[in-house]
Amino acid sequence: MRPVFGLSVPDAGTLSLLPDELPAAVAFGEITGEMLENTSLQAVLRRIFLKHDRALVVRDIVPPKLADAVPASPLRLKMEFDSGFRARCRAASALGCRVVSAEFAVGRALNDAAYEAELVKVLHSAAGTLEEFGLVMAFPLRLPAEAERAAAFLAFKHRLFYPGFRYLLDFHFEEPEAFAALERALPVLTFDRSLWRLPHLPGAESPLTAEVLEKMRPVWCGGNDGRSVFVCVDAGSGPEGEFPFARLAEMFTCFLRKGTL
(Lines give C-alpha, C1' and ligand atoms only; values in the text may rest on other atoms or scores of the structure.)
Protein backbone atom coordinates (compact mmCIF):
# COMPACT_ATOMS: atom_id res chain seq x y z
CA MET A 1 0.00 0.00 0.00
CA ARG A 2 1.10 3.58 -0.57
CA PRO A 3 -0.44 6.83 0.68
CA VAL A 4 -1.82 9.49 -1.66
CA PHE A 5 -2.38 12.86 0.01
CA GLY A 6 -5.09 15.45 -0.57
CA LEU A 7 -6.44 18.62 1.00
CA SER A 8 -9.96 19.50 2.03
CA VAL A 9 -11.11 22.82 0.55
CA PRO A 10 -14.04 24.03 2.68
CA ASP A 11 -15.32 26.96 0.63
CA ALA A 12 -14.85 29.22 -2.39
CA GLY A 13 -12.69 31.66 -0.43
CA THR A 14 -10.19 28.94 0.41
CA LEU A 15 -10.21 27.72 -3.18
CA SER A 16 -9.08 31.18 -4.30
CA LEU A 17 -5.96 30.82 -2.12
CA LEU A 18 -4.67 27.75 -3.97
CA PRO A 19 -2.07 28.11 -6.73
CA ASP A 20 -3.08 27.16 -10.25
CA GLU A 21 -0.56 24.31 -10.20
CA LEU A 22 -0.42 22.14 -7.11
CA PRO A 23 2.77 20.37 -5.94
CA ALA A 24 3.03 16.73 -6.93
CA ALA A 25 2.55 15.65 -3.31
CA VAL A 26 -1.02 17.03 -3.31
CA ALA A 27 -2.78 14.49 -5.50
CA PHE A 28 -6.42 15.39 -4.91
CA GLY A 29 -8.79 17.93 -3.43
CA GLU A 30 -11.89 17.47 -1.33
CA ILE A 31 -14.70 19.95 -1.97
CA THR A 32 -18.14 20.25 -0.39
CA GLY A 33 -21.48 19.34 -1.88
CA GLU A 34 -22.53 22.98 -1.62
CA MET A 35 -19.68 23.98 -3.93
CA LEU A 36 -21.17 21.79 -6.66
CA GLU A 37 -24.12 24.16 -6.87
CA ASN A 38 -21.92 27.22 -7.37
CA THR A 39 -21.58 27.24 -11.14
CA SER A 40 -19.01 30.05 -11.02
CA LEU A 41 -16.55 27.63 -9.38
CA GLN A 42 -16.61 25.03 -12.14
CA ALA A 43 -13.93 26.71 -14.24
CA VAL A 44 -11.69 27.25 -11.20
CA LEU A 45 -11.97 23.63 -10.12
CA ARG A 46 -11.16 22.44 -13.62
CA ARG A 47 -8.16 24.78 -13.88
CA ILE A 48 -6.62 23.84 -10.54
CA PHE A 49 -7.44 20.14 -10.38
CA LEU A 50 -8.59 18.55 -13.62
CA LYS A 51 -6.19 20.40 -15.92
CA HIS A 52 -3.26 19.00 -13.93
CA ASP A 53 -4.68 15.48 -13.46
CA ARG A 54 -5.60 16.01 -9.82
CA ALA A 55 -8.64 14.13 -8.61
CA LEU A 56 -11.62 15.63 -6.81
CA VAL A 57 -13.75 14.03 -4.11
CA VAL A 58 -16.91 15.49 -2.58
CA ARG A 59 -17.52 15.83 1.13
CA ASP A 60 -21.14 15.99 2.33
CA ILE A 61 -22.73 15.29 -1.04
CA VAL A 62 -25.90 16.02 0.95
CA PRO A 63 -26.03 18.32 4.02
CA PRO A 64 -25.44 16.33 7.26
CA LYS A 65 -28.72 17.50 8.85
CA LEU A 66 -30.66 16.33 5.81
CA ALA A 67 -28.83 12.99 5.72
CA ASP A 68 -29.77 12.48 9.37
CA ALA A 69 -33.41 13.47 8.95
CA VAL A 70 -34.45 11.93 5.63
CA PRO A 71 -34.93 8.29 6.76
CA ALA A 72 -37.70 9.37 9.16
CA SER A 73 -39.23 11.90 6.73
CA PRO A 74 -42.52 11.60 4.80
CA LEU A 75 -42.42 10.14 1.30
CA ARG A 76 -42.69 13.55 -0.36
CA LEU A 77 -39.50 14.76 1.32
CA LYS A 78 -37.74 11.53 0.44
CA MET A 79 -38.61 12.11 -3.20
CA GLU A 80 -37.24 15.64 -2.99
CA PHE A 81 -34.10 14.24 -1.40
CA ASP A 82 -33.68 11.75 -4.26
CA SER A 83 -33.97 14.54 -6.80
CA GLY A 84 -31.42 16.78 -5.06
CA PHE A 85 -29.05 13.88 -4.48
CA ARG A 86 -29.17 12.90 -8.14
CA ALA A 87 -28.48 16.47 -9.26
CA ARG A 88 -25.40 16.72 -7.06
CA CYS A 89 -24.15 13.31 -8.17
CA ARG A 90 -24.51 14.39 -11.79
CA ALA A 91 -22.51 17.55 -11.07
CA ALA A 92 -19.83 15.57 -9.21
CA SER A 93 -19.51 13.10 -12.08
CA ALA A 94 -19.18 15.96 -14.58
CA LEU A 95 -16.11 17.12 -12.64
CA GLY A 96 -14.56 13.67 -12.81
CA CYS A 97 -15.33 12.77 -9.19
CA ARG A 98 -15.44 9.10 -8.29
CA VAL A 99 -15.78 9.27 -4.48
CA VAL A 100 -18.32 11.19 -2.43
CA SER A 101 -19.09 11.06 1.28
CA ALA A 102 -22.19 11.64 3.36
CA GLU A 103 -22.87 11.81 7.10
CA PHE A 104 -25.77 9.37 7.27
CA ALA A 105 -26.51 8.45 10.89
CA VAL A 106 -25.22 4.88 10.83
CA GLY A 107 -24.46 5.05 14.55
CA ARG A 108 -28.08 5.95 15.28
CA ALA A 109 -29.28 3.14 13.05
CA LEU A 110 -27.29 0.61 15.08
CA ASN A 111 -29.41 1.47 18.13
CA ASP A 112 -32.80 1.97 16.45
CA ALA A 113 -34.18 -0.88 14.33
CA ALA A 114 -37.01 1.20 12.85
CA TYR A 115 -34.64 3.99 11.83
CA GLU A 116 -32.19 1.44 10.41
CA ALA A 117 -34.88 -0.07 8.21
CA GLU A 118 -35.74 3.34 6.77
CA LEU A 119 -32.08 4.27 6.30
CA VAL A 120 -31.47 1.06 4.38
CA LYS A 121 -34.35 1.97 2.03
CA VAL A 122 -32.87 5.45 1.46
CA LEU A 123 -29.43 4.03 0.73
CA HIS A 124 -30.75 1.33 -1.59
CA SER A 125 -32.51 4.08 -3.54
CA ALA A 126 -29.28 6.11 -3.60
CA ALA A 127 -27.35 3.09 -4.88
CA GLY A 128 -29.07 3.31 -8.25
CA THR A 129 -27.91 6.92 -8.65
CA LEU A 130 -24.37 6.05 -7.57
CA GLU A 131 -24.29 3.24 -10.12
CA GLU A 132 -25.60 5.52 -12.87
CA PHE A 133 -22.85 8.10 -12.33
CA GLY A 134 -20.03 5.71 -11.45
CA LEU A 135 -19.63 6.95 -7.88
CA VAL A 136 -18.58 5.36 -4.61
CA MET A 137 -20.13 6.76 -1.43
CA ALA A 138 -18.21 6.67 1.84
CA PHE A 139 -19.67 6.96 5.32
CA PRO A 140 -17.28 8.68 7.76
CA LEU A 141 -16.45 6.38 10.67
CA ARG A 142 -15.09 8.53 13.48
CA LEU A 143 -12.16 7.03 15.34
CA PRO A 144 -11.45 6.57 18.20
CA ALA A 145 -15.07 7.34 19.20
CA GLU A 146 -16.56 4.43 17.24
CA ALA A 147 -13.61 2.04 17.41
CA GLU A 148 -15.32 -0.42 19.74
CA ARG A 149 -18.34 -0.63 17.41
CA ALA A 150 -16.33 -1.14 14.22
CA ALA A 151 -17.68 -4.68 13.77
CA ALA A 152 -21.27 -3.41 14.01
CA PHE A 153 -20.56 -0.68 11.44
CA LEU A 154 -19.06 -3.27 9.12
CA ALA A 155 -22.06 -5.57 9.56
CA PHE A 156 -24.38 -2.69 8.63
CA LYS A 157 -22.48 -2.12 5.40
CA HIS A 158 -22.69 -5.83 4.58
CA ARG A 159 -26.46 -5.71 5.04
CA LEU A 160 -26.64 -3.05 2.32
CA PHE A 161 -25.19 -5.60 -0.10
CA TYR A 162 -23.85 -3.01 -2.54
CA PRO A 163 -20.10 -2.63 -3.28
CA GLY A 164 -20.36 1.11 -3.88
CA PHE A 165 -20.62 1.84 -0.15
CA ARG A 166 -17.40 2.23 1.85
CA TYR A 167 -16.20 3.69 5.13
CA LEU A 168 -13.94 6.69 5.38
CA LEU A 169 -11.81 6.46 8.54
CA ASP A 170 -12.10 9.89 10.15
CA PHE A 171 -9.15 9.55 12.51
CA HIS A 172 -8.81 12.05 15.35
CA PHE A 173 -5.26 11.30 16.44
CA GLU A 174 -5.36 14.11 19.02
CA GLU A 175 -7.91 12.38 21.24
CA PRO A 176 -6.89 10.22 24.25
CA GLU A 177 -5.91 6.64 23.42
CA ALA A 178 -6.55 7.29 19.73
CA PHE A 179 -3.75 5.07 18.42
CA ALA A 180 -4.60 2.22 20.80
CA ALA A 181 -8.24 2.34 19.65
CA LEU A 182 -7.13 2.44 16.02
CA GLU A 183 -5.01 -0.66 16.51
CA ARG A 184 -8.04 -2.53 17.87
CA ALA A 185 -10.33 -1.40 15.03
CA LEU A 186 -8.08 -1.97 12.03
CA PRO A 187 -8.19 -5.80 11.96
CA VAL A 188 -12.00 -5.56 11.70
CA LEU A 189 -11.79 -3.01 8.89
CA THR A 190 -9.38 -4.97 6.72
CA PHE A 191 -11.20 -4.04 3.50
CA ASP A 192 -12.14 -0.50 4.56
CA ARG A 193 -8.72 1.04 5.01
CA SER A 194 -8.23 2.92 1.75
CA LEU A 195 -10.02 6.20 2.63
CA TRP A 196 -8.84 8.42 5.50
CA ARG A 197 -9.39 11.93 6.83
CA LEU A 198 -7.18 13.63 9.43
CA PRO A 199 -7.62 17.06 11.03
CA HIS A 200 -4.83 19.62 10.81
CA LEU A 201 -5.72 21.48 14.04
CA PRO A 202 -3.43 24.54 13.72
CA GLY A 203 -2.84 26.21 17.06
CA ALA A 204 -4.22 23.25 19.01
CA GLU A 205 -2.31 21.41 21.69
CA SER A 206 -1.88 18.38 19.41
CA PRO A 207 -1.72 19.59 15.78
CA LEU A 208 -0.93 17.42 12.78
CA THR A 209 2.84 17.13 12.49
CA ALA A 210 5.41 15.08 10.60
CA GLU A 211 5.70 12.91 13.73
CA VAL A 212 1.99 12.06 13.58
CA LEU A 213 2.29 11.08 9.92
CA GLU A 214 5.25 8.85 10.78
CA LYS A 215 3.16 7.04 13.38
CA MET A 216 0.70 6.29 10.58
CA ARG A 217 3.34 4.96 8.17
CA PRO A 218 2.99 1.29 9.25
CA VAL A 219 -0.79 1.56 8.77
CA TRP A 220 -0.65 3.16 5.33
CA CYS A 221 2.47 1.57 3.87
CA GLY A 222 2.25 -2.10 4.84
CA GLY A 223 2.46 -4.78 2.17
CA ASN A 224 3.46 -4.67 -1.48
CA ASP A 225 0.09 -5.04 -3.16
CA GLY A 226 0.34 -1.69 -4.99
CA ARG A 227 -2.95 -0.37 -3.61
CA SER A 228 -3.30 3.33 -2.84
CA VAL A 229 -4.47 4.72 0.50
CA PHE A 230 -6.13 8.12 0.09
CA VAL A 231 -5.43 10.47 3.00
CA CYS A 232 -7.31 13.78 3.09
CA VAL A 233 -6.17 16.43 5.55
CA ASP A 234 -8.88 18.75 6.79
CA ALA A 235 -7.21 22.11 7.44
CA GLY A 236 -10.47 23.60 8.72
CA SER A 237 -11.47 27.22 8.37
CA GLY A 238 -8.67 29.47 9.55
CA PRO A 239 -8.44 33.27 9.62
CA GLU A 240 -9.63 34.97 6.45
CA GLY A 241 -6.94 34.97 3.79
CA GLU A 242 -5.00 32.09 5.37
CA PHE A 243 -4.70 28.45 4.39
CA PRO A 244 -1.71 26.28 5.41
CA PHE A 245 -1.30 24.93 1.91
CA ALA A 246 2.48 25.29 1.58
CA ARG A 247 3.17 23.87 5.04
CA LEU A 248 1.02 20.80 4.48
CA ALA A 249 2.34 20.22 0.95
CA GLU A 250 5.90 20.23 2.26
CA MET A 251 4.92 17.80 5.03
CA PHE A 252 3.46 15.42 2.45
CA THR A 253 6.54 15.76 0.22
CA CYS A 254 8.91 14.92 3.08
CA PHE A 255 6.82 11.90 4.10
CA LEU A 256 6.77 10.52 0.56
CA ARG A 257 10.46 11.23 -0.02
CA LYS A 258 11.41 9.41 3.18
CA GLY A 259 9.45 6.40 1.99
CA THR A 260 11.66 6.09 -1.10
CA LEU A 261 14.98 6.14 0.78
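See the structure above.
The rules behind the values
- Residues numbered from 1 in each chain as written.
- Predicted model: local features only at pLDDT ≥ 70, side-chain atom pairs only at ≥ 80, totals over all residues.
- Heavy atoms only, no water.
- Salt bridge = Lys/Arg side-chain N within 4 Å of Asp/Glu carboxyl O.
- Helix = DSSP H or I, 4+ residues; strand = E, 2+ residues; numbered from the N terminus.
- Buried < 20%, exposed > 50% of the residue type's maximum accessible area, 1.4 Å probe, protein only.
- 1 Å grid on protein atoms, 1.4 Å probe; cavity = no way out; pocket = protein on both sides within 12 Å on 5 of 7 lines; lining within 4 Å.
- Points joined across faces, edges and corners; volume = space filled by probe spheres on them.
- Nonpolar A, V, L, I, M, F, W, Y, C, P; charged D, E, K, R; others polar.

Quick look at the pattern of salt bridges
Working definition: two side chains of opposite charge can pair if their charged atoms are close together. For the structure on display, the rule yields 17 salt bridges. One salt bridge in this structure joins glutamate 30 and arginine 59, with 3.5 Å as the shortest N-O distance. With glutamate 30 in strand 2 (residues 28-32) and arginine 59 in strand 3 (residues 55-59), this pair connects stretches of sequence that are 29 residues apart. Residue glutamate 30 shares its accessibility class with arginine 59, and that shared class is buried. Salt-bridge contacts for arginine 217 lead to glutamate 214; the nearest nitrogen and oxygen are separated by 2.7 Å. Linking arginine 217 with glutamate 214, this pair stays in helix 10 (residues 210-220), spanning three residues, or about one helical turn. Linked by salt bridges that have partners in common, Glu30, Arg59, Arg197 and Asp234 make up one network.

Some details on the layout of surface pockets
Looking at the largest pocket, its volume works out to about 230 Å³. Lining the largest pocket are 19 residues; nearest its centre among them are Phe28, Val57, Val99, Leu195 and Phe230. Elements with a contribution of two residues or more to the lining of the largest pocket: strand 2, strand 3, strand 4 (99-101), strand 7 (195-199) and strand 8 (228-234). Ranked by residue count, the leading element in the lining of the largest pocket is strand 3, at five residues. Residue classes in the lining of the largest pocket are distributed as 13 nonpolar, two polar and four charged.

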